[in-house]
There are 2 protein chains.
Amino acid sequence: MEERYAFIISDRTGITAETMGHTLLSQFPMMKFKTVPLPFIDTEEKARQTVQQINDAAEKNGRLPLVFATLVDDNIRKMISSSNGVFFDLIDQFLGPLERELGVESAHTIGRSHGVVDPAKYTSRIAAVNFSVRTDDGVNTNKYDQAAVIIVGVSRTGKTPTCLYLALHFGTYAANYPLTPEDLIAGRLPARIAKFRDKLFALTIDPSRLAKIRQERFARGRYAGLKQCQQEVLQAEAIFRQENVPYINTTAISIEEIATTIIHKARLKRDLI
Amino acid sequence: MEERYAFIISDRTGITAETMGHTLLSQFPMMKFKTVPLPFIDTEEKARQTVQQINDAAEKNGRLPLVFATLVDDNIRKMISSSNGVFFDLIDQFLGPLERELGVESAHTIGRSHGVVDPAKYTSRIAAVNFSVRTDDGVNTNKYDQAAVIIVGVSRTGKTPTCLYLALHFGTYAANYPLTPEDLIAGRLPARIAKFRDKLFALTIDPSRLAKIRQERFARGRYAGLKQCQQEVLQAEAIFRQENVPYINTTAISIEEIATTIIHKARLKRDLI
């Protein structure tokens, strides 16, 4: 199947445009898209080059490229919308109705969304990231009294990226503790985390997927064998059930999804939005 | 000034709805908003409760709440849109035109955007996160040959969160190296990073902001004094200019913005979109 061009155009980082464009395109799983992110299109000269690039793609591909744009400057937006693409204006379509409802004019200012920083929030976010890095992989358990959540699970279930996502996006103090084979054989939570039971949230995963992940990074020792993975997952889930630790299966979901689910289920405070 | 309610409603994580809602609201800096994120609204029962919550807010606040929604299920969307809020349909407004342009029906499937995982991308993302954690704060410089970018700067300029954001969102192998007072006095790049000059990207910051950040975390020693910060920043920027290391000032911009700017300016490969 031929790919369809999808340009993601923004006057700043393009984070909003990418998120929206990705969400919309994901509703067409039967189609293939060639995504071209073009951030920082903030001058008429860059806009002219972008129009040329869209028109070239249209001619080469034989079909009109899709163009998803978050552009605040009226001039630049008009230039891009005049290209030979199908223009989806992700901002302006909503700003008019919002202005009417709120009874004020919008700022029409580039880069307000991800650009402007609240120093207090910035600092608490950095502090959360530092906390998560310092308490990664079961170290510094003496800091667990400061944690908002402690993620537990066997090795390679996604604990580290989940904690860092929580810290970066929600300002959550998230520690993580890997259950070792010794912990699993003991059949209950190790003492140093048992006393923080109310803060625990567990990750589990399908054993066959776990084995694949482990095999990708390590030689094929016992650690990465399917049998070992099956046994570890079985033992870990038994502990979570017995000790009433909430857990989710991360096999088929993304880090964003794991993190947001934990925020939601553990009713954690969200600092950043 | 009275706050206006802004409900962010999604049938899944709400990441897209939050990003879009935040971008739109940030164009009205003169207004105050009370943002209420309601993710995982995926049943009619939850939709009914949500409608009630919106109507209660409308009555209590005296003004219609804004409602930003990414809802794929037609039934749930209709229910929410019938509430006493001003409904901004972030998905459906674009899906119809997209379906017509592409000549196919959309999947109308909940949670496709952040939920479905490509195992290969997942693994490379995790590997990038692990790399960034292992090479944080100047450790394991022997792994720098694997890095796509090495972030340098004096202490507390935002290197760690920037690296982790790059790893999580773009799958970038990002290491970071703090310039010590000894490095600064020497007046040139330390040997162990000088040989990776093409991979270096530097962060700098206004000295007064740097002093504030340092004072928030440490007692008021010399390290956090304005004079020390001024000197370090001056010395560091002199090195960056002299050794042709590109750098950006992080004083007033967010981690997202820093990371996306580095991806763009250093022309790094983006693995994830």
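1. Notes on the environment of isoleucine 258 of chain B
Residues and elements named next belong to chain B.
Thought 1: Along the chain, isoleucine 258 turns up in helix 12 (residues 255-265).
Thought 2: Taking the C-alpha atoms as reference, isoleucine 258 lies 8.8 Å from leucine 203; in sequence the two are 55 residues apart.
Thought 3: Every residue in contact with isoleucine 258, bar those within four places of it in the chain, is listed here: Gly158, Thr162, Ile248, Thr250 and Ile253.

2. A few points about the interface of chain A and chain B
Thought 1: Between chain A and chain B, the residue contacts involve 61 residues of the former and 61 residues of the latter.
Thought 2: In terms of residue count, the dominant contributor to the side of chain A that touches chain B is helix 1 (residues 15-25) of chain A (eight residues).
Thought 3: Tallied by class, residues from the side of chain A that touches chain B come to 32 nonpolar, 21 polar and eight charged.

3. So, the pairing of strand 2 (residues 33-38) of chain A
Look at any regular strand and the pattern is simple: side chains alternate between the two faces of the sheet.
Residues and elements named next belong to chain A.
Thought 1: Sheet topology places strand 1 (residues 4-10) next to strand 2; six bridges connect them, and they run parallel. The residue bridging arginine 4 from the neighbouring strand is phenylalanine 33, located in strand 2.
Thought 2: Between the parallel elements strand 1 and strand 2, the chain passes through helix 1 in a crossover that is right-handed.

4. Things to note about the relation of the copies chain A and chain B
Mapping one chain copy onto the other needs a rotation about an axis and a shift along that axis.
Thought 1: Superposing chain A onto chain B takes a rotation of 180 degrees combined with a translation of 0.0 Å along the rotation axis, leaving an RMSD of 0.1 Å. Both chain copies can therefore be described as sitting about a two-fold axis.
Thought 2: Take the interface residues of chain A: 100% of them recur as interface residues in chain B, which is what a same-surface contact looks like.

5. A few points about the domain arrangement of chain A
Thought 1: Taken as a whole, chain A is organised into domain 1 (4-115) and domain 2 (119-265).
Thought 2: Here the C-alpha centre of domain 2 of chain A lies 38 Å away from the C-alpha centre of domain 1 of chain A.

6. Section: helix 11 (residues 226-242) of chain B
All names here are of chain B.
Thought 1: Taking 1.5 Å per residue as the helical rise, helix 11 with its 17 residues ought to reach 24 Å, and the 24 Å between its terminal C-alpha atoms agrees with that figure.
Thought 2: Every buried residue belonging to helix 11 is among Cys229, Glu232, Val233, Ala236, Ile239 and Phe240, and all of these are buried. Axial view of helix 11: buried residues confined to an arc of 130 degrees, hence all on one face. Seen from the buried face of helix 11, the exposed residues on the opposite side, beyond 90 degrees, are Lys227, Leu234, Arg241 and Gln242.
Thought 3: Buried-residue contacts for helix 11 involve strand 5 (149-153), helix 8 (181-186), strand 7 (200-204), helix 10 (207-217) and strand 8 (247-249).
Thought 4: Note on helix 11: the residue one or two positions beyond its end, asparagine 244, has a positive phi of about 60 degrees.

7. Overview of helix 3 (residues 74-81) of chain A
Residues and elements named next belong to chain A.
Thought 1: Taken residue by residue, helix 3 has Ile76, Arg77 and Ile80 as its buried positions. The arc that holds the buried residues of helix 3, viewed along the axis, is 100 degrees, so those residues lie on one side. Among the exposed residues of helix 3, those oriented more than 90 degrees off its buried face are Asp74, Asn75 and Lys78.

8. A word on the sheet that holds strand 4 (residues 86-89) of chain B
Residues and elements named next belong to chain B.
Thought 1: Read from one edge to the other, the open sheet built from four strands follows the order 2-1-3-4, with strand pairing classed as parallel. The sheet is open, and its two edges are formed by strand 2 (33-38) and strand 4, each paired on a single side. Adjacent strand axes in the sheet meet at a mean angle of 20 degrees, parallel and antiparallel pairs treated alike.
Thought 2: Bridge analysis of strand 3 (residues 66-70) against strand 4 gives four bridges, and the strand direction is parallel. If you follow valine 67 over to strand 4, its bridge partner there is phenylalanine 87.

9. Regarding the nonpolar core
Thought 1: Counting residues in each nonpolar core, the largest one holds 98 residues, and the members touching the most others are Ala174 of chain A together with Ala174 of chain B.
Thought 2: Residues within four places of alanine 174 of chain A in sequence aside, it is in contact with Ser132, Ala147, Ala148, Val149, Ile151, Cys163, Leu166 and Ala167 of chain A.
Thought 3: Leu24, Ala47 and Ile91 of chain A together with Ile91 of chain B belong to the second-largest nonpolar core, a separate cluster that totals 54 residues.

Scoring rules and cut-offs
- Residues numbered from 1 in each chain as written.
- Chains lettered and ligands numbered in written order.
- Predicted model: local features only at pLDDT ≥ 70, side-chain atom pairs only at ≥ 80, totals over all residues.
- Helix = DSSP H or I, 4+ residues; strand = E, 2+ residues; numbered from the N terminus.
- Contact = placed C-beta atoms within 7 Å.
- Nonpolar A, V, L, I, M, F, W, Y, C, P; charged D, E, K, R; others polar.
- Pairing = 2+ DSSP bridges.
- Right-handed = clockwise from strand over helix to strand, strands pointing away.
- Least-squares fit on C-alpha atoms with pLDDT ≥ 70 in both.
- Domains from an automatic or database assignment.
- Expected span 1.5 Å × (residues − 1).
- Buried ≥ 20, exposed ≤ 12 C-beta atoms within 10 Å, placed from the backbone.
- Arc of directions from axis to C-beta.
- Axes fitted to C-alpha atoms, helices over the stretch in contact; angles between N-to-C directions.
- Core = buried A, V, L, I, M, F, W, Y, C linked by C-beta atoms within 7 Å.

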